[in-house]
Amino acid sequence: MTEFNLKTASQGDMAAQAEQRALISASLAVGGVPAVIQDARCLLQEQPSFLNFRFIRQLVTSLPPEDTVLKPWRVALLSSFTIEFIHDSLIAYGFTNGLRIEIYQPGFGLIRQELLNPTSALYQFMPNVTILAIEGEDWLPEIYTTFMDTNPPGQGLGDITTRFQQEIGSLVRTFRNTSTAPLLVHNMAQPRLKRAGVADLSLSDGQSRFVADLNRSLCQVAAEVIDVHLVDYAALVNYFGVRHWYDSRMRLYAKAPIASSMLGHLSQEYMRYFRALSGLNKKCLVVDLDNTLWGGIVGEDGIKGIQLGPNYPGNAFVEFQRVIMDLYRRGVLLAVASKNNPADVDAVFLSHPFMMLRKAHFSALEIHWNPKSDSLKRIATQLNLGLEHMVFADDNPAECDQVRRALPMVTVIQLPRQPEHFAEALCTEGLFDTLGLSAEDLHRGQLYQQRAQAETVRSASDNLEDYYRNLDMQLSLAPVDSASRARTAQLTQKTNQFNLTTIRYGEAELSQRMANPDWLLVTVGVRDRFGDNGIVGVMMAKVGEERLHIDTFLLSCRVIGRTVETAMLAFLFEAAQALGLKALCGRVVPSDKNMPARDLFEKHGFSKLHEDPGGTTSWEFDLAGEPVRCPAWFRMAV
Amino acid sequence: MPKNVDQSIRELMSIILNIDAARIDDGTSMDNTPGWDSANHINLILALEDEFSISFEVSEFELMVSYCDLVQVVEAKL
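About the thresholds
- Residues numbered from 1 in each chain as written.
- Chains lettered and ligands numbered in written order.
- Predicted model: local features only at pLDDT ≥ 70, side-chain atom pairs only at ≥ 80, totals over all residues.
- Helix = DSSP H or I, 4+ residues; strand = E, 2+ residues; numbered from the N terminus.
- Rg over C-alpha atoms; globule rule 2.2 N^0.38 Å.
- Buried ≥ 20, exposed ≤ 12 C-beta atoms within 10 Å, placed from the backbone.
- Contact = placed C-beta atoms within 7 Å.
- Nonpolar A, V, L, I, M, F, W, Y, C, P; charged D, E, K, R; others polar.
- Pairing = 2+ DSSP bridges.
- Axes fitted to C-alpha atoms, helices over the stretch in contact; angles between N-to-C directions.
- pLDDT = per-residue confidence, 0-100.
- Domains from an automatic or database assignment.
- Parallel < 35°, antiparallel > 145°, perpendicular 65-115°, else oblique.
- Left-handed = near helix turned anticlockwise from the far one by under 90°.

> Would you mind showing me how to read the overall build of chain B here?
Secondary structure assignment for chain B yields 4 helices and 0 strands. Helices and strands in chain B line up, N terminus first, as α-α-α-α. A globule of 78 residues ought to have a C-alpha radius of gyration of about 12 Å, and chain B, at 11 Å, matches this closely. Each of the three principal axes of chain B carries a C-alpha extent, and together these read 25 × 25 × 20 Å. Relative to its 78 residues, chain B shows a buried fraction of 29%. Counted over contacts in chain B with a minimum sequence separation of 6, partners at least 24 positions apart contribute 51%.

> Where do I start with the overall build of chain A in this structure?
Of the regular secondary structure elements, chain A holds 26 helices and 19 strands. Here the C-alpha atoms of chain A give a radius of gyration of 27 Å, agreeing with the 26 Å that 2.2 N^0.38 yields for 638 residues. Taking the principal axes of its C-alpha atoms as reference, chain A extends roughly 80 × 70 × 55 Å. Considering chain A as a whole, with its 638 residues, one finds that 40% of them fall into the buried category. Contacts in chain A between residues far apart in sequence, at least 24 positions, make up 70% of those at least 6 positions apart.

> Looking at this structure, I do not really get the interface of chain B and chain A. What am I missing?
Often the size quoted for an interface is simply the accessible area lost on bringing the parts together. Contacts between chain B and chain A engage 17 residues on the former and 17 residues on the latter. For the side of chain B that touches chain A, the secondary-structure elements that each account for two or more residues are helix 1 (2-17) and helix 2 (38-52) of chain B. Within the side of chain B that touches chain A, the residues separate by chemical class into 10 nonpolar, 4 polar and 3 charged.

> What's the story with the pairing of strand 6 (residues 284-287) of chain A in this structure? I'm lost.
For a regular strand, the rule is simple: side chains alternate between the two faces of the sheet. Residue and element names in this part refer to chain A. Burial of strand 6 is two-sided: the residues Cys-284 and Val-286 facing one way and the residues Leu-285 and Val-287 facing the other way are all buried. Pairing of strand 6 with strand 9 (residues 390-394) involves 4 bridges; the strand directions are parallel. Residue Val-286 lies in a different strand from strand 9, and its bridge partner there is Phe-392.

> What exactly am I supposed to notice about unusual backbone geometry here?
Excluding glycine, residues mostly carry a negative phi; peptide bonds, for their part, are mostly trans. Residues and elements named next belong to chain A. A cis amide bond, omega -5°, links Asn-151 with the succeeding residue Pro-152. With an omega of -5°, the peptide bond running from Tyr-312 to Pro-313 counts as cis. Relative to the helices and strands, Pro-313 resides in the loop between helix 15 (298-305) and helix 16 (314-329). In the Ramachandran plot, Lys-255 falls in the positive-phi region, its phi being about 55° despite a non-glycine side chain. By the secondary structure assignment, Lys-255 is in the loop between helix 13 (248-254) and helix 14 (260-277). A tally of 15 C-beta atoms within 10 Å means that Lys-255 is categorised as partly exposed. Positive phi is not limited to glycine here, since Asp-472 has a value of about 55°. One can find Asp-472 in the loop between helix 22 (464-471) and strand 11 (473-479). According to the C-beta neighbour criterion, Asp-472 is partly exposed, with 14 such atoms within 10 Å.

> Hey, could you run me through the sheet that holds strand 3 (residues 129-133) of chain A in this one?
What holds strands together in a sheet is hydrogen bonding between their backbones, with the strands either parallel or antiparallel. All names here are of chain A. Pairing is parallel in the open sheet, where 5 strands are placed in the order 2-1-3-4-5. The open sheet has two edge strands, strand 2 (99-104) and strand 5 (228-231), and neither has a second partner. Neighbour-to-neighbour, the strand axes of the sheet open up by a mean angle of 25°, direction not taken into account. Across 6 bridges, strand 1 (residues 71-79) lies against strand 2 in parallel orientation. Following the sheet pairing, Ala-76 is matched in strand 2 by Tyr-104. On the sheet, helix 14 packs against strand 1, strand 2, strand 3, strand 4 (183-186) and strand 5 and is oriented at approximately 155° with respect to strand 3.

> Looking at this model, I keep getting lost on the confidence of the model for chain B. Mind explaining?
Fine structural detail should not be taken from predicted coordinates in areas where pLDDT scores are low. Looking at chain B, the pLDDT average stands at 91 and 96% of residues meet or exceed 70. This complex was scored by the predictor with a pTM of 0.80 and an ipTM of 0.93.

> Looking at this model, I keep getting lost on the sheet that holds strand 6 of chain A. Mind explaining?
All names here are of chain A. Spatial strand order, 8-7-6-9-10: 5 strands in an open sheet with parallel pairing. Whereas interior strands pair on both sides, the edge strands pair on one side only; in this sheet they are strand 8 (362-367) and strand 10 (411-414). Within this sheet the neighbouring strands show an average axis-to-axis angle of 20°, counted without direction. Bridging between strand 7 (residues 333-338) and strand 8 involves 5 bridges; their strand directions are parallel. What sits directly across from Val-336, in strand 8, is Leu-365.

> Could you clarify how one ought to interpret the domain arrangement of chain A in this entry?
For chain A, the domain assignment lists domain 1 (70-277), domain 2 (307-427) and domain 3 (467-636). Relative placement of domain 1 of chain A and domain 2 of chain A: their C-alpha centres are 37 Å apart.

> Even after reading the chapter, I still don't get the environment of Lys-359 of chain A, so can you show me in this structure?
All names here are of chain A. Here Lys-359 shows up in the loop between helix 17 (342-351) and strand 8. Assessed through the 12 C-beta atoms surrounding it within 10 Å, Lys-359 is described here as exposed. For the pair Lys-359 and Asp-346, spaced 13 residues apart in the sequence, the C-alpha separation amounts to 8.3 Å.

> Could you clarify how one ought to interpret the packing of helix 2 (residues 33-46) of chain A against helix 4 (residues 87-96) of chain A in this entry?
The packing of two helices is summarised by the inter-axis angle and the distance between the axes. All names here are of chain A. For the pair helix 2 and helix 4, the least separation of the axes is 8 Å and the interaxial angle reads 130°. By the criterion of interaxial angle, the relationship of helix 2 to helix 4 is oblique. Considering the relative orientation of helix 2 and helix 4, their crossing is left-handed. Of helix 4, the residues touching helix 2 (which contributes Ile-37, Ala-40, Arg-41 and Leu-44) are Ala-92, Phe-95 and Thr-96. Looking at side-chain class alone, the contact of helix 2 with helix 4 contains 5 nonpolar, 1 polar and 1 charged residues.

> I keep staring at the environment of Ser-618 of chain A and nothing clicks. Help me out?
Residues and elements named next belong to chain A. Mapping Ser-618 onto the fold places it in strand 18 (residues 617-622). The spatial distance from the C-alpha of Ser-618 to the C-alpha of Phe-606 is 9.6 Å, given a sequence separation of 12 residues. Excluding residues within four positions of it along the chain, Ser-618 makes contact with Cys-585, Arg-587, Leu-609 and His-610.

> Can you walk me through the environment of Asp-518 of chain A in this structure?
Residue and element names in this part refer to chain A. Tracing the backbone through its elements, the reader meets Asp-518 in the loop between helix 24 (507-514) and strand 13 (519-528). A sequence separation of 221 residues divides Asp-518 from Ile-297, and the C-alpha atoms of the two residues are 63 Å apart. Excluding residues within four positions of it along the chain, Asp-518 makes contact with Lys-542 and Val-543.

So this is what it looks like as structure tokens:
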């Protein structure tokens, strides 16, 4: 995607765009929202224009309310300036990311009232996320606009930073006490105009210094309150440049300081957070090899002929490999889908001196002459991931097109012509971004290697019981605490397959439950012969009058098929009996993805009480009967 | 070329104002078109700037309140 909206206006271009929009409208009439999402994504990548954003927004508004492809996502936008012109691109990018965005936005003078009044429209809206977008000059004109009014400049401002921190802290805490929604807060951009010119940095209390202090204090507030995240607005403005980012004319005419052509970039920045918060962030990167990880075609040029090394263009490919390696280190799974002879590829992985990525970094390798869409499907099955969590990057437009058509739910990145732009093409949308890096994230690559080893054991075992025993599994069942709360929330947001009710929780809500004695909140850790998988399961159950009600019961796909779920049920049994309750009950809410979990209660001898028209079933087990026992092949950690 | 500008502006207006392009004619103005409010007035300006790669000054904004106005000011800048 081009950085700046450089466009040569020609009637030909306009006609072509109009035609593309008409095709999308027609395609929607035929049905198939996922394909339309893919088309809309291409349209916006090619031409992120005002008209295209408005067009897609209207398309989204016209979708029937019963549509289930998109995930509803309520966004509250509190801004110190006119921000309504962002709605089009926000809803449009929401659509291309699988979200149906609904926006609540009060007038710009009303931020404090909305936050401080517990019955305000903001809280009644029940947002999935709230954004606080405040321009520095609106919040603290003393630092931005009237800076030269004190003599010497800046010195009379005293404890302005402390007061700012207190005020923001108080607003944020009040919000948190009233709502469990995640909160995104813009940090402050540097002033557009340095009032003291180049002398600013020489002042002991210059504008630059103040802004740095303000942003430090914002970091502190975000660290102290649960589920508050900073949007690095300063970095965003810096990236596009003040000259492009702001429109003085509209700032003065409509109090809308951000240039119209930049609002799409701000929307895309928000998408990084929305994806992470809604569990739609991508988890696996599948790459081609020839002209992607190295220049040239190894089957034709030979290992000595491919371009990968200290000189251009080889060094561009080295840079690209480093960026991919960084993703691996963040917990993104890597895979290869390449049309090649495996022997040619092996030679490069084993012996090329400038290959940064090695076979061991890839959790799956599909190297053959079959279609790439086949490879992607096999990789998804092997890694137990949904196709919607995968990104495919290839330099070849025909391959990209084939995958887009065959698998519309995969995000396809067609790499640009020049390798020096590859890294940006891959990273610019932040498709893999998460809100933090957990220990699990940092070890995920190695964990998948362990899992592959465990699979080898399974195929070598004579029967399932031997397999379970050979895994030498140790379970840790512990109450959710402040150290494991983030991981617990993450699991409820990301686990789709072995998840009975697929209810998503944020940290703030979990925190409330942790303080409530009626709730039993348990993390499940699994260690096996090959290593520690960390926390891979969650159980949440509420104590009722005579029953223990299971609200959440989930297990990471990494440890499915090992009877861990039986051990988890056994634990709940014992807990219910210890509390003197009569029965253990739970529901199964069917989703597109939770087939593996649906027969859990049935398999363990629960009685089905009820099935509602939507397919949700409720189950009960009378504790006077034969209990579920923990299988003998587990050891319990104390 | 001018013929295409008309058509492009009509299509642009139909998207921004959510009305049928065929119903836009020489008489269409802010006074008689529901949805052509002050917010969409600015949206039309921004859309035209983006689509035609031109730029309007604030003093020109109030001159852009009808279909004919839009065609006139855009053609003048092309």
